[in-house]
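Per-entry structural report
Chain by chain, the residues:
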Amino acid sequence: MKTGTSPPDALPLGAASLYMKEFENIIASGKEPVMTKEYKPQVANEFERYLNPQTLKRHVFRSEKVRKIIEHYAQVNNSSVKQIEKQVKEIIDEIGLERNLAIIRWCGMAITAIAKRILSGIYVNSANIRRVREQLGRNPVCYLPSHRSYMDFVLMSYICFYYDIEIPGIAAGMDFHGMFGMGTMLRKTGAFFMRRSFSNDELYWDIFREYMYALISAYHIGVEFFIEGTRSRNFKALVPKIGLLSMALLPYFTGEVSDVTIVPVSITYERLLEEQLFVYELLGVPKPKETTKGFFKALKIIDERFGKMYLDFGAPISVREFFGHTGADRMPRASMGAHLQKLNKCELDLIKKLGNEIIYQQQRGIVISTFNLLCLYYASRIYLEHWVNIDELANGIAELKKLFEELGAHVATDLNCLKVDIMETVEIHSNIVHFENGRLQFTQVAAAQLAQEIDSKRLKAHVLLPQAMAVAVPALALQLYINPCMFWLARPAYLIIAALQLREEQQTQRGVKIPESFGTYSEVVDSLFQRVSKLDNIFKHEFIIESNRDMEEFNRNLALLSKHGVLTIAQNNGRITFHENVASNVILSSLAPFLCLYYQLAVTVNEFPTVSCSTSSSRSNECDEFSTKDVLIHMQQRIEKLMQLPNVANVHPYCLALDNLNIALYSFQQAGCIKKDKESGMLQHVHDKPLRTLEAELLRYCQLLPFKQYYKVASAHMISTPSKL
């Protein structure tokens, strides 16, 4: 069993192509799931006797630990034991999963019918999922899928049924619990429900933790939850939330189970069902509330096309092997009540490390589609003020496919029918781009249409002008399909920027005195590594690629960039040479929106407290503290104004994206440049570590990019054809 500690090597090019052949389309004619088949699944964990959902609830309620919890809260709250018992039963009933095979079969038939209408296929790596199935039955299993869509909930269960794997218990938010009819249906297909926030309800916390404990230690079906905590609205991996993972691993740390198997699952969508909603939410339009009415309204998607979905089960990770435990130090807490079972700092650090590894493996399993490569190439040509036709697109995508496969990515592009593939994927995403007179162009949303559809009074931050949103909507949508590629491109981009920075310093040296050497080859490489690490630290909350493989990946990226003619370092004197080409332009243009966003946000935050705080604040206009909302409003106001200027650099519509602005603000906070008051939630500058220093560094990085302004060039690529919303 793979431990996840050894760094995975990039597949040889031939092997990379063969890997994609392991995917089978399970809704192809003749391969569709037979939902009426006899269902004899392989369980996650084998026992002599199996509990059912009702006996599982009784098992939790009657456990010694829950009895201790009841007695503890009866004493603390000065209540009778019966009163606490009643509350506990209600909590368990609210949480508890159920299982109705008839409903599971009916849901599977509905999914098949809808999928065959809107999708070109659901592609599953059958070899990997069968390898996982062979290892089931030995110990508890946690399936941890990437989370980009609500479809993730049903897709995993659908796949498990198809391959005769026991459908796991799925952690679902209470949003779904309140949906008339839908909550019951989800529960009967294996969902157990958790409140979004229960930090103030200690009894609920302890009972939920005991229910999760029982699912892992005493139940046979396995557990599924999303380690990112929520759907990623920018199509990038989010920082892992370790709350549920910590609960799931508690039986391991108490010694009740000898091991837990983690299965990272990568789910990829050629076109995401929530794509347009996510773009609007990034600009400040509130998320619609989940309702049954809203669900049926959303079924209008059956008239649209969404291309292909891919699902890949990663190599299972043994928690015991990953942590390097013998188990001897885990026994003393096994019989303690939940209110006494606290993980220590060492254990939490191990879980954080495991969480990062899971996210890393999820991203390695993501399939890169032709549209991902098209967006990358098209964005790079926009920066260079070049129009592109299908021939140039085909050549560029073919080169990028080779680059990504050398990096180790799984690429779905078929070079044998590339132009047909391009035409099909452009048609699927015609709300973002289309061909006009043989050239690829943005499909602009009419400003008047946006003004009618969006209630400006409900926007979370600044009330953006419809004209600004009309440009931002397709540009952000394009960027969303670039973002999954950043797992592979962020560090090569850091390396190019570090090399450009060091080359600039070498050229400055030459201007003063012609040196015989810029240092030894190893000294120059060491300097580059330090500079890459600095960029890695700036963007570590943006791109979740921490995996203790930094040096190995640095060496791989340096070799790759040298092979593609981007960078060379002279062995005799350490002189850096940079060659601009397709690879360098694509890699740098992928990072450019993030550099712009971080730089412009640093400029915005540095204008506080000199700018007026929001009128909603009870503090003075010239305040020493400022709120996150103040920053977001002022940032969007600034960017909107800058987008209207004739010549402006370092501005991209992505600078308006609220989710990314919040991530960047958090990064500034973690870097110690600003601090947040725990009681008021207000922000303040940290004067001994000024943000202006970081602002200057970010500006220097931006100035190293070989591009002109993005905004006006992008506008020229747009026409007023209304997009399909």
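Owing to the predicted nature of the structure, the values given are computational and were not obtained by experimental measurement.

1. A look at the overall build of the chain
Each helix and strand counted, the chain has 28 helices and 18 strands in total. For the chain, buried positions account for 59% of its 725 residues. Considering only residue pairs separated by 6 or more positions, the chain has 82% of its internal contacts joining residues 24 or more positions apart.

2. Some points on the nonpolar core
Residues Ile122, Ile159, Phe404 and Leu528 are the most contacted members of the largest nonpolar core, which totals 174 residues. Per-element tally for this core: the top contributor is helix H24 (residues 582-606), with 16 residues. Non-local contacts of isoleucine 159, meaning those with residues more than four positions away in its chain, are made with Ile26, Ile122, Val124, Ile129 and Leu311. With 58 residues, the next largest nonpolar core counts Val88, Tyr211, Tyr219 and Ile317 among its residues.

3. Notes on unusual backbone geometry
A positive phi angle, close to 55°, is found at asparagine 437, a residue other than glycine. Overall, the relative accessible area of 74% leaves asparagine 437 in the exposed class. The phi dihedral of asparagine 650 falls on the positive side, at around 60°, and the residue is not glycine. Checked against the element boundaries, asparagine 650 lands in the loop between helix H25 (628-643) and helix H26 (658-670). Of the residues examined, asparagine 650 reaches a relative accessible area of 18% and is grouped as buried.

4. With respect to helix H12 (residues 275-283)
Judged by how many residues are buried, H12 sits mostly within the fold: eight of nine residues are covered. Of all the positions in H12, only Glu275, Gln276, Phe278, Val279, Tyr280, Glu281, Leu282 and Leu283 are classed as buried. On the buried face of H12, the contacting elements are helix H19 (447-453), helix H20 (466-482), H25 and H26.

5. Remarks on helix H18 (residues 418-428)
Within H18, burial applies to Leu418, Asp421, Ile422, Thr425, Val426 and Ile428. Around the axis of H18, the buried residues are gathered within 155° of arc, so they sit on the same side. Where H18 is buried, its residues contact helix H16 (370-383), helix H17 (390-407), strand S12 (433-436) and strand S13 (439-443).

6. A look at the confidence of the model for the chain
As a general rule, the predicted coordinates of low-pLDDT regions are not to be interpreted in detail. Mean pLDDT for the chain: 88, with 87% of residues reaching 70 or above. Below pLDDT 50 for its whole length, residues 615-622 participates in eight contacts with residues either more than four positions away or in separate chains. Contacts of residues 719-725 to residues separated by more than four positions or lying in other chains number 27 contacts, the stretch itself having pLDDT below 50.

7. Structural notes on the pairing of strand S4 (residues 169-173)
Across the five residues that make up S4, a large majority, five, are buried. The alternating pattern of S4 places Gly169, Ala171 and Gly173 on one face and Ile170 and Ala172 on the opposite face, and all of these are buried. Bridging between S4 and strand S6 (residues 223-224) involves two bridges; their strand directions are parallel. Its bridge partner being in S6, isoleucine 170 is matched across the sheet by glutamate 224.

8. Notes on the packing of aromatic side chains
Applying the stated criterion across every chain, the model contains 30 aromatic pairs. Relative to tyrosine 211, the ring of phenylalanine 192 lies with its centre 6.1 Å away and its plane at 45°, an arrangement referred to as tilted. With phenylalanine 192 in strand S5 (residues 191-194) and tyrosine 211 in helix H10 (residues 202-217), this residue pair connects regions lying 19 residues apart in the sequence. Taking the relative accessible area as the measure of exposure, tyrosine 211 reaches 1% and is therefore buried. Between the aromatic rings of phenylalanine 608 and phenylalanine 626, the centroid separation amounts to 4.9 Å while the plane-to-plane angle is 25°, which identifies the pairing as stacked.

9. Some details on the pattern of salt bridges
Counting across every chain of the model gives 38 salt bridges. Across the pair arginine 320 and aspartate 259 runs a salt bridge whose closest N-O atoms are separated by 3.7 Å. Taken together, the residues span a long stretch of sequence, with arginine 320 in helix H14 (residues 319-323) and aspartate 259 in the loop between helix H11 (243-253) and strand S7 (261-269) at a distance of 61 residues. We note a salt bridge from glutamate 357 to arginine 549, for which the minimum N-O separation is 3.0 Å.

10. Some points on empty space enclosed by the protein
Tallied over the full model, the rule gives five cavities of 30 Å³ or more. Of all elements in the fold, only S7 and helix H21 (486-512) reach the threshold of two or more residues within the lining of the largest cavity. Ranked by residues supplied to the lining of the largest cavity, first place goes to S7 with three residues. Grouping the constituent residues of the lining of the largest cavity by class yields twelve nonpolar, five polar and four charged. Here the second largest cavity is characterised by a volume of approximately 70 Å³. Surrounding the second largest cavity, Arg491, Leu495, Phe529, Val532, Ser533, Asp536, Asp550, Glu553, Phe554 and Asn557 form its lining. Broken down by secondary-structure element, the contributors of at least two residues to the lining of the second largest cavity are H21, helix H22 (521-538) and helix H23 (550-563). Residues of the lining of the second largest cavity, tallied by class, amount to four nonpolar, two polar and four charged.

11. Things to note about the environment of glutamate 399
Relative to the helices and strands, glutamate 399 resides in helix H17. Owing to a relative accessible area of 35%, glutamate 399 belongs among the partly exposed residues under this scheme. When the C-alpha positions of glutamate 399 and alanine 583 are compared, they lie 8.1 Å apart, and in sequence the two are 184 residues distant. Contact partners of glutamate 399, with chain neighbours within four places excluded, come to Val582 and Ala583.

12. Observations concerning the packing of H22 against H23
The interhelical angle for the contact between H22 and H23, taken along N-to-C directions, is 115°, at an axis separation of 11 Å. By crossing handedness, the relation of H22 to H23 is classed as right-handed. Within the contact between the two elements, H22 uses Tyr521, Val525, Leu528, Phe529 and Val532 and H23 uses Asp550, Met551, Phe554 and Leu558. Here the residues of the contact of H22 with H23 sort into eight nonpolar, no polar and one charged.

Basis of the calculations
- Residues numbered from 1 in each chain as written.
- Predicted model: local features only at pLDDT ≥ 70, side-chain atom pairs only at ≥ 80, totals over all residues.
- Heavy atoms only, no water.
- Helix = DSSP H or I, 4+ residues; strand = E, 2+ residues; numbered from the N terminus.
- Buried < 20%, exposed > 50% of the residue type's maximum accessible area, 1.4 Å probe, protein only.
- Contact = heavy atoms within 4.5 Å.
- Core = buried A, V, L, I, M, F, W, Y, C linked by side-chain atoms within 4.5 Å.
- Arc of directions from axis to C-beta.
- pLDDT = per-residue confidence, 0-100.
- Pairing = 2+ DSSP bridges.
- Phe/Tyr/Trp six-rings, centres within 6.5 Å; stacked < 30°, edge-to-face > 60°.
- Salt bridge = Lys/Arg side-chain N within 4 Å of Asp/Glu carboxyl O.
- 1 Å grid on protein atoms, 1.4 Å probe; cavity = no way out; pocket = protein on both sides within 12 Å on 5 of 7 lines; lining within 4 Å.
- Points joined across faces, edges and corners; volume = space filled by probe spheres on them.
- Nonpolar A, V, L, I, M, F, W, Y, C, P; charged D, E, K, R; others polar.
- Axes fitted to C-alpha atoms, helices over the stretch in contact; angles between N-to-C directions.
- Left-handed = near helix turned anticlockwise from the far one by under 90°.

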